[in-house]
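The residues making up each chain are set out below.
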Amino acid sequence: MADTHTKSEAINQENEETGFLSGSGTQEPMAGFFSRLRFRHRSGRRGKFYRWLRVAVIGTFVLLFVLFVIIPVVYRYSPGIQRYFIFLNSVQGDVDLSKPEDVGLPGTRNFYVETEENISVGVWHILPESLVHSVPDVSSEEKTKWFEDTLRHNQPVIIYMHGNKGSRGQERRVNLYHVLRKMGYHIITFDYRGYADSSSVIPTETGLVTDAKVIFQYLLNYTKASLIFVWGHSLGTGVACHSVSELCQEQKCPGGVILEAPFNSIPEEVRRHPMAMVFRGLPYFDWAFVEPLKDIDVQFQSDVHITKITTPLIILHAHETELFHLILVKKLSSFVVF
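First, a word on scope: everything that follows refers to the structure included in this document.

About the criteria used
Residues numbered from 1 in each chain as written. Predicted model: local features only at pLDDT ≥ 70, side-chain atom pairs only at ≥ 80, totals over all residues. Heavy atoms only, no water. Buried < 20%, exposed > 50% of the residue type's maximum accessible area, 1.4 Å probe, protein only. Helix = DSSP H or I, 4+ residues; strand = E, 2+ residues; numbered from the N terminus. Pairing = 2+ DSSP bridges. Right-handed = clockwise from strand over helix to strand, strands pointing away. Salt bridge = Lys/Arg side-chain N within 4 Å of Asp/Glu carboxyl O. Axes fitted to C-alpha atoms, helices over the stretch in contact; angles between N-to-C directions. Contact = heavy atoms within 4.5 Å.

## Quick look at the pairing of strand S4 (residues 186–190)
Working step 1: With respect to burial, S4 is a largely interior element, five of its five residues being buried.
Working step 2: Burial along S4 is two-sided: the residues His186, Ile188 and Phe190 and Ile187 and Thr189 are all buried.
Working step 3: Both strand S2 (residues 119–126) and S4 contribute to a ladder of four bridges, which runs antiparallel. Bridge pairing in S4 places Val123 opposite Phe190.
Working step 4: Pairing of strand S3 (residues 157–161) with S4, which is carried by five bridges, proceeds in the parallel orientation. Each residue of the ladder has a partner; that of Ile159, found in S4, is Ile188.
Working step 5: Since S3 and S4 lie parallel, the crossover through helix H6 (residues 171–182) that links them has a hand, and here it is right-handed.

## Remarks on the pattern of salt bridges
Working step 1: All told, the structure shown has 14 salt bridges when counted by the stated rule.
Working step 2: Between Arg193 and Glu116 there is a salt bridge, and its shortest N-O distance comes to 2.6 Å. With Arg193 in the loop between S4 and helix H7 (205–220) and Glu116 in strand S1 (residues 108–116), this pair connects stretches of sequence that are 77 residues apart.
Working step 3: Each of Glu268, Arg271, Arg272, Asp286 and Lys331 takes part in one network of salt bridges that share partners.

## Things to note about the sheet that holds S2
Working step 1: Strand order in the open sheet formed by seven strands is S1-S2-S4-S3-S5-S6-S7, and the pairing between neighbours is mixed. Here the strands that pair on one side only, and so sit at the sheet edges, are S1 and strand S7 (313–316). Looking at each pair of strands side by side, their axes are set apart by 20° on average, direction ignored.
Working step 2: Both S1 and S2 contribute to a ladder of eight bridges, which runs antiparallel. Bridge pairing in S2 links Asn110 to Trp124.
Working step 3: Sitting on the sheet, helix H5 (residues 140–150) touches S1, S2 and S4, and the angle it makes with S1 is about 85°.
Working step 4: Taken strand by strand, H7 contacts S1, S2, S3, S4 and strand S5 (228–233), and its axis lies near 120° from that of S1.

Okay, here's the thing in structure tokens:
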């Protein structure tokens, strides 16, 4: 019995030293790569190496699974996340939009326009520099009438449609207003539904275009369409192209359109955006990241809408424009009807 016990201990010791499971007498089953990396009783540098190798392999597998499976699937079925990345309307500043003078814009009226039932948008009417010091010190009703009457003076008006993120009071937008008012323009700038002090509703392409068209119609009560110019920046170029294309088909074309940093369509921008680079090679990329855009009513196919715009149009972009964005600008410009 002693000899048998001694032999058993020797076998167990040999199994431990050679990587066999203790007491099994047979090599560990090769159920997968991970199970072959299990070395329960190794010691020294070699044992640490295999333990770290096992951790690294499992960690890499988990990372790849999360990156290429979990994230695409979660994004596909999360319309809230999809809208966030397109509109960034939850990113707000700390500007009190009821007091435009606080951001250096005296001679500016803050008001609200109802664009649909129970939906209104916040608007600024920024006077040309020549009228800033003519604002009368009267009651709010009289001042409202005075501001509206200034629009009847046959001076050009720019409707500014900003990009995603922030509000009409964002600093870089205010800087542009200063430039335009010095050039003698009235500026009408507004925040789309879901942004800033406008009605807190879910933004969609249809909703934003409706807001833009109602603002345009509001101005037609005081001035001619030929004196109204639509300026869109970034996401605002998609709103501008869609709304102006419909206005032109309704025989209400504005005097001109300025597209600053435009894109040809949201689906194309999603495909070419640097953030999508890591996912672009997936066979289900469009299924996960592009197709859901239809379900949330966000396409902004400016390359389609721009063909229906029959008024003068200017496309602007900066010298430092990212390459992927420059490609989209050139694609869009190829659809312009001369």
